[in-house]
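Architecture and fold: a report
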Amino acid sequence: MDEVSTDIRLRGLSPQELRKIDSVLPYTRFDAGRLHAYGTPADALWSGGHPAIVFFPQRAVENYRDIRRAFARHFGSSMSVHFALKSCYVPSVLRALRAAGAGVEVMSPFEWRLARRHGFAPDSVVANAVRRDESSREDLLGSGAGLIGIDGREELDALCATARRLGVRPDVTIRISAFATGTFFGGNSKLGTPVEDAAELVEAALRSPDVGTVGVHGHQLRKCVDPEQFGAFAGILGDLATDVSTDRRPVGIINLGGGLESRSVLERTGVTCDDFADAARDGLRRTRPGLRLVLEPGRHLVSDAAIAFTRILGTKHTAGTRWAITEIGTNVLAPFSDRAYPPVPLRWEEDGSWHTYHVSDGIAVPEVLCLNAPLPDSVLASGLALLDCGAYTTTYSELWGCDLPDLAVFEEGAVRRVFGPEERARMLASLYGDADAGPDIDPDADAGPDRRAGG
Ligand SMILES: *Cc1c(COP(=O)(O)O)cnc(C)c1O
């Protein structure tokens, strides 16, 4: 464990960072010794009871405006930012991003319906998928989805046929796999076409009379903290676009995907969106003028737009380590090997005793929430805030092991619970039976006239 714990992204905040928490996450601060978010004390956001994740849609909007501003310095109005929906489905966050002008990126018919339901106009949607069924293609093309991501020759042919039949010419991008290592990123991946084979596919799209503007698309599939790496990635896509473009039919769109770390994590490591925008400009310097740039950030917009609050169940000491065991579970705060959910005390204790804790939940899985977090021992009684809980937490939550937390949103100066005990009980009872109803489940209770699935 110690060999990874030097990575700033896995480690807790230092006492200096904690004391000036607003320098890590500007909407938070300690005021009169109490943690505040957007000027509201933590105890007005969380009762101190059941664990909760509180979303701050305003921060997602601030992050959206920041990445837009940074890239617009180089790409002007010929660029658009589409929030990757799968990172967060919380309606208030979606509404706020849409109202601020963000587009949305969806990766399935389910997400397309969700985006439409929450008011995203069809032309603001980038719709990606590996394959689709015909009704999904018809729905996207018939509704005028803004940009259709195509992954592979079969889907290109199928989409062209649907477009021809409907009499529309959609803008499309061809997904490229830019990394040649491993089965997930490279040649054997389900996602994308290896860059060395991609020219032929992009040229086929450029030749087709059935599509409008043709672009190339890549997604880094990583939590990038290195602008140079991002610039190299942009360069791979840009060079491909330049190589296959002709004067009559140039590649007109580059979609650089998502894959940027949380804004506050990036800024903690000393880089900003401006550095990534500069790197993209450098990587794309050989491309033709008039190119449209598309970005699909998920984590970067919403990761630091939510804070979790949890009680501490207790401690566990082993030789040289102290664990603080949280009530909130890794079934919701999905563990990643390259990032953490840094804990912050709810009260600042200058004089109290401090120790360095590893933080995780109480279930028998070898996951962690954060390593080496210096904390005042008072958190054991009062509970903790955990930062960076907005991306891939509610959407990736697993329905096992630990209770689900409450979910709440902070809007217009007030907190509002959107998922609480009743919603949780109803959802879980339908799946697993009512765990709180006591023993004696009737084994035939779910019998009905037609018990088949898939109706
Ligand atoms: C998941 C995904 C994104 C967003 O990724 P982040 O790492 O959250 O920025 C963007 N584009 C595509 C195609 C994706 O699958």
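This text follows the structure it describes.
Attention here is on the structure that accompanies the text. Because the structure is a prediction, the values reported are computed rather than measured.

**Let's talk about the site of the ligand**
Surveying the vicinity of the ligand reveals 14 residues, the closest of which are Lys86, Gly259, Glu296, Arg299 and Tyr392. Interatomic distance of 2.7 Å between a side-chain N/O atom of Glu296 and a nitrogen atom of the ligand. About the coverage of the ligand: the protein hides 91% of its 380 Å² of free accessible area. Broken down by class, the residue content of the shell around the ligand amounts to three nonpolar, six polar and five charged.

**So, helix H11 (residues 227-244)**
Taking 1.5 Å as the rise per residue, H11 with 18 residues should run 26 Å; its terminal C-alpha atoms sit 26 Å apart, in good agreement. Residues Pro227, Phe230, Gly231, Phe233, Ala234, Gly235, Leu237, Gly238, Leu240, Ala241 and Val244 constitute the buried set of H11. Among the residues of H11, the N-terminal cap falls to Asp226, whose side-chain oxygen and the backbone nitrogen of Glu228 are separated by 3.0 Å.

**Focus: the sheet that holds strand S19 (residues 370-376)**
In space, the four strands of this open sheet follow the order S15-S16-S18-S19, with mixed pairing throughout. Sheet topology places strand S15 (312-318) and S19 at the edges, where each strand pairs with a single neighbour. Averaged over all pairs of adjacent strands, the angle between strand axes in this sheet comes to 40 degrees, irrespective of strand direction. By the bridge criterion, six bridges tie S15 to strand S16 (residues 321-326) in an arrangement that is antiparallel. Its bridge partner lying in S16, His317 is registered against Arg322.

**Describing the packing of aromatic side chains**
A complete count under the given rule lists 14 aromatic pairs for this structure. Ring centres of Tyr27 and Tyr38 lie 4.6 Å apart, and the angle between their planes is 5 degrees; this geometry places the pair in the stacked category. Here Tyr27, found in the loop between helix H2 (21-24) and strand S1 (28-31), pairs with Tyr38, found in the loop between strand S2 (34-37) and strand S3 (40-41); they are 11 residues apart in sequence, far enough to count as distant. Classification of Tyr27 by relative accessible area gives buried; the value is 7%.

**Considering the side chain of Asp388**
Counting through the fold element by element, Asp388 comes out in the loop between strand S20 (384-386) and strand S21 (406-411). Judged by relative accessible area, Asp388 falls into the buried class, the value being 4%. In terms of polar contacts, Asp388 uses its side chain to reach the side chain of Ser262, at 2.8 Å. Within the structure, the side chain of Asp388 is placed 2.4 Å from the side chain of Ser303, a separation counted as a polar contact. Every residue in contact with Asp388, bar those within four places of it in the chain, is listed here: Ser262, Ser264, Val265, Ser303, Asp304, Ala306, Arg339, Ala340, Tyr341 and Pro342.

**Some points on the nonpolar core**
Ranked by size, the top nonpolar core spans 102 residues in total, and within it Ile53, Phe71, Val202, Leu256 and Leu333 carry the most contacts. Setting aside residues no more than four positions away along its own chain, Leu256 makes contact with Gly218, His219, Phe230, Phe233, Ala234, Leu237, Ala280, Leu293, Val294 and Leu295. One finds Phe30, Leu35, Ala42 and Phe56 within the second-largest nonpolar core, a separate group that totals 24 residues.

Conventions we followed
Residues numbered from 1 in each chain as written. Predicted model: local features only at pLDDT ≥ 70, side-chain atom pairs only at ≥ 80, totals over all residues. Heavy atoms only, no water. Near = heavy atom within 4 Å. Polar contact = N/O pair within 3.5 Å; in protein donor to acceptor, adjacent residues only side chain to side chain. Areas by Shrake-Rupley, 256 points an atom, 1.4 Å probe, with all protein chains shown as cover. Nonpolar A, V, L, I, M, F, W, Y, C, P; charged D, E, K, R; others polar. Helix = DSSP H or I, 4+ residues; strand = E, 2+ residues; numbered from the N terminus. Expected span 1.5 Å × (residues − 1). Buried < 20%, exposed > 50% of the residue type's maximum accessible area, 1.4 Å probe, protein only. Pairing = 2+ DSSP bridges. Axes fitted to C-alpha atoms, helices over the stretch in contact; angles between N-to-C directions. Phe/Tyr/Trp six-rings, centres within 6.5 Å; stacked < 30°, edge-to-face > 60°. Contact = heavy atoms within 4.5 Å. Core = buried A, V, L, I, M, F, W, Y, C linked by side-chain atoms within 4.5 Å.

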